[in-house]
Amino acid sequence: MKVGVFDSGIGGLTVVKSLLEHQLFEEIIYFGDTARVPYGIKDKNTIIRYAIEAVEFFKNFELDMIIVACNTVSAYALQEMRESASCPVIGVVEAGVLATSNALNDKESNILILGTKATINSKAYETGLNSLGFDNLQAKATGLFVPLVEEEIYSGEILEAAFKHYFSNITHPNAVILGCTHFPLISEALTNHFGDDTLLIHSGDAIVEYLEREFTFTNKYESPELKFFASENPEALRDIAKKWLP
Ligand code: DGL
């Protein structure tokens, strides 16, 4: 199995980490559109155009599947990507909705959705969760977390100030959807903030859960071949990958 993983930048590496931990693929080809990140402040048509260009890039490889490791793209461009790709295209939003629903027994659970401005405006998570009977939802666009993570700021004063800014009106959630693939990098700080009793939903783990349910994986690949591509400064992406990946 050969998979293409696409994100606007480096955030999708958190999804690659989950894929590696579960040894699902023989070859992983990562493409980060680092020249044009962030997508989360762009409009729908631009996000769709960039996403279709990513599909075109992946046509250079014979892929069995494309994983959209970006919530923003998954929220806006999945349909268009599926129309131009010749292999299945799997997004993190649907997987995240299902993982949340599977993890929570109580439909009254208070769920906080975090994401980029575009993801939150799309209401993609709300729509999915509502259809499964979850109505006690709060949503917050927390785009500042993206550059903080890119600056490798995972804790400390600046992040605390951002938490204060974003979360002062939030009621204590039972679960937080990390609706941006950058956000798992600040999981520890979020758990410190909300407490151990708040469950965090991670796009990478959600996609693994989804894949293992929807597809049959007969082999495990201990050391898959990894190839990293970026639209700008691929060396920087490879350096981050070395730091973040097992
Ligand atoms: N990693 C992207 C996501 O999951 C967000 C970063 C961006 O704004 O491009 O939505």
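Just so it is clear, the model here is predicted, and its values are computed rather than measured. (Residues numbered from 1 in each chain as written. Predicted model: local features only at pLDDT ≥ 70, side-chain atom pairs only at ≥ 80, totals over all residues. Heavy atoms only, no water.)

S.K.: Can you lay out helix H1 (residues 13-22) for me, pointing to particular residues and giving the numbers?
M.R.: The buried count for H1 comes to seven of 10 residues, which makes it a mostly enclosed element. Those residues of H1 not exposed but buried are Leu13, Thr14, Val15, Val16, Ser18, Leu19 and Leu20. After H1 finishes, the residue Gln23 shows a positive phi value of roughly 50°. (Buried < 20%, exposed > 50% of the residue type's maximum accessible area, 1.4 Å probe, protein only. Helix = DSSP H or I, 4+ residues; strand = E, 2+ residues; numbered from the N terminus.)

S.K.: Just give me the short version of the sheet that holds strand E2 (residues 27-32), but keep the residues and values in it.
M.R.: By way of backbone hydrogen bonds, the strands of a sheet pair with one another, either parallel or antiparallel. The five strands are arranged E4-E3-E1-E2-E9 in an open sheet whose pairing can be described as parallel. Two strands close off the open sheet at either side, each with one partner strand: strand E4 (89-91) and strand E9 (225-230). Averaged over all pairs of adjacent strands, the angle between their axes in this sheet comes to 20°, without regard to strand direction. Here strand E1 (residues 2-7) runs beside E2; their pairing, made up of six bridges, is parallel. Pairing of Asp7 across the sheet is with Gly32, part of E2. Most of the contacts of H1 go to E2, to which it runs at about 170°, and overall it touches E1, E2, strand E3 (65-68) and E9. (Pairing = 2+ DSSP bridges. Axes fitted to C-alpha atoms, helices over the stretch in contact; angles between N-to-C directions. Contact = heavy atoms within 4.5 Å.)

S.K.: Run through the site of the ligand, naming residues and quoting values.
M.R.: Surrounding the ligand, one finds 13 residues, the nearest of these being Ser8, Tyr39, Asn71, Thr72 and Thr181. The separation between a nitrogen atom of the ligand and a polar side-chain atom of Asp7 is 3.1 Å. Calculation on the ligand without its partners gives an accessible area of 300 Å², and the protein chains cover 99% of this total. Along the lines of polarity and charge, the residues of the shell around the ligand split into five nonpolar, seven polar and one charged. (Near = heavy atom within 4 Å. Polar contact = N/O pair within 3.5 Å; in protein donor to acceptor, adjacent residues only side chain to side chain. Areas by Shrake-Rupley, 256 points an atom, 1.4 Å probe, with all protein chains shown as cover. Nonpolar A, V, L, I, M, F, W, Y, C, P; charged D, E, K, R; others polar.)

S.K.: I'd like a description of the pattern of salt bridges, backed by residues and values.
M.R.: The full count for this structure, using the stated rule, is six salt bridges. In this structure, the salt-bridge partner of Arg36 is Asp33, at a minimum N-O distance of 2.8 Å. Taking the relative accessible area as the measure of exposure, Arg36 reaches 25% and is therefore partly exposed. Residue Glu56 is joined to Lys59 by a salt bridge in which the shortest nitrogen-to-oxygen separation is 3.1 Å. (Salt bridge = Lys/Arg side-chain N within 4 Å of Asp/Glu carboxyl O.)

S.K.: Before we move on, could you go through the packing of aromatic side chains and cite the residues and values that matter?
M.R.: Taken as a whole and judged by the stated rule, the model has 17 aromatic pairs. The ring centre of Tyr50 lies 3.6 Å from the NZ or CZ of Arg36, which sits over that ring. (Phe/Tyr/Trp six-rings, centres within 6.5 Å; stacked < 30°, edge-to-face > 60°. Lys NZ or Arg CZ within 6 Å of the ring centre and 35° of its normal.)

S.K.: Can you tell me about the side chain of Thr116, naming the residues and giving the values?
M.R.: Mapped onto the secondary structure, Thr116 falls in the loop between strand E5 (111-115) and helix H6 (117-122). Judged by its relative accessible area of 7%, Thr116 is buried. Side-chain polar atoms of Thr116 contact the side chain of Thr72, separated by 3.0 Å. Among all residues touching Thr116, those that are not within four sequence positions of it are Gly40, Thr72, Ala141, Val146 and Cys180.

S.K.: Now, about unusual backbone geometry: what can you tell me, with residues and values included?
M.R.: Apart from glycine, the bulk of residues carry a negative phi angle, and the bulk of peptide bonds sit in the trans form. The omega torsion across Val37 and Pro38 is 5°, close enough to zero to call that bond cis. Along the chain, the position of Pro38 falls in the loop between E2 and helix H2 (44-58). One non-glycine residue, Glu152, adopts positive backbone phi at about 60°. Residue position: Glu152 is located in the loop between helix H8 (145-150) and helix H9 (157-167). Even without being glycine, Asn233 reaches a positive phi, approximately 50°.

S.K.: Describe the environment of Ile113, naming the residues involved and giving the relevant values.
M.R.: Inspection of the secondary structure assignment puts Ile113 in strand E5. The sequence separation of Ile113 and Val176 amounts to 63 residues, and the corresponding C-alpha distance is 5.9 Å. With sequence-adjacent residues up to four places away left out, Ile113 is seen in contact with Ile120, Tyr125, Glu126, Leu129, Leu137, Gln138, Ala139, Lys140 and Ile177.

Function-wise, these values are silent; they only describe arrangement.
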